[in-house]
Amino acid sequence: MQFVEATGLSVRSAVWVLQRRETPLRFHLFCMLHFGSQAYYDEIAARLGDCDVVVAEGYPESPRRFNRLRLGFYGFMHRARSSELVYQHIDYDSLGVPLIWPDTHDPEPEDAVSRVRRPLSAYLKFVLFLLTLPLAVFVLLLMGGRKFVARSVSLNIEDNMDWLSDSHFDALILGDRDALLVAALSRLHEERAGEPIDIAVVYGAAHMPGVVRGLNTVYGYRPTAGDWLTVHGLKF
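Residues numbered from 1 in each chain as written. Predicted model: local features only at pLDDT ≥ 70, side-chain atom pairs only at ≥ 80, totals over all residues. Heavy atoms only, no water.

### Brief notes about the pairing of strand E3 (residues 26-32)
By the criterion of burial, E3 is predominantly enclosed, with six of the seven residues buried. The hairpin formed by strand E2 (residues 10-19) and E3 contains six residues between the paired strands. As judged from the seven bridges shared by E3 and strand E8 (residues 198-204), these two strands associate in the parallel manner. By the bridge assignment for E8, Phe27 is matched with Ile199. (Buried < 20%, exposed > 50% of the residue type's maximum accessible area, 1.4 Å probe, protein only. Helix = DSSP H or I, 4+ residues; strand = E, 2+ residues; numbered from the N terminus. Pairing = 2+ DSSP bridges.)

### Quick word on the environment of Ala6
On the secondary structure map, Ala6 appears in strand E1 (residues 4-6). Look at Ala6 and you get partly exposed, because its relative accessible area is 33%. The sequence separation of Ala6 and His232 amounts to 226 residues, and the corresponding C-alpha distance is 9.9 Å.

### A look at the pairing of E2
Among the 10 residues that make up E2, seven are buried, leaving the element largely enclosed by the rest of the structure. In this sheet, E2 lies alongside E1 in antiparallel orientation, the contact comprising three bridges. Among the inter-strand pairings, Ala6 is bridged to a residue of E2, identified as Val11. Connecting E1 to the antiparallel partner E2 that follows it, the hairpin turn spans three residues. Pairing between E2 and strand E9 (residues 222-233): 10 bridges, direction antiparallel. Looking at the pairing, Leu18 lines up with Pro223 of E9. With four bridges connecting them, E2 and E3 associate as antiparallel partners. Pairing of Val17 across the sheet is with His28, part of E3.

Pasting the structure below:
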């Protein structure tokens with residue numbers, strides 16, 4: 001099951017629909033890349049407006065000032081390099097759709113007890129990662145953003161486990177957050193599985209293998225449809 005595809009002509013991300021035979025609820029998995037063309041993000045926003053619930057990655061309020069600074073920096077770099085790449089920005093508030101932000105949720109009591117306690121060094125690495133991200137973007141654009149992204153993205157459900165390591169830092173970035181996401185989707189299934197609604201899941205592509213496994217293993221959700229969105233075209 002492939003989530004991102006890079007060819008000689010373009011980089012594309014998948015949109016998968018998961019459903020089970022017994023119930024009408026459908027999950028639409030938007031396998032996001034955080035850099036792409038503005039047309040890519042506009043297409044996603046248009047599709048989200050047709051959904052009944054949007055489950056989004058990130059935080060809705062607390063880092064708003066940080067987001068303005070970050071988007072301002074990326075916008076400056078975008079103009080300076082005349083690049084077609086922009087940083088992901090979707091105006092969720094304008095969609096008129098109920099929003100759920102799993103990253104803001106506390107783990108369920110049983111998960112909190114079983115969760116491995118992360119060492120301080122893992123949190124320090126995470127902070128360092130956030131602080132150095134603008135520099136990484138600068139280097140990406142300086143080297144030619146689109147080609148760099150094209151060489152860096154090729155995710156499928158089989159090789160995702162090789163991409164992950166066992167470090168606590170990787171667990172903070174992916175594993176712990178995957179657990180919060182799957183828990184939020186499980187609650188939606190338990191509460192609304194009998195309704196013919198469409199639930200959008202807008203998360204980075206690296207999170208999607210965990211979502212597919214979690215919903216399939218526990219509830220039997222399987223892919224029933226899918227298509228591709230062009231993240232950006234390549235110029236050589």
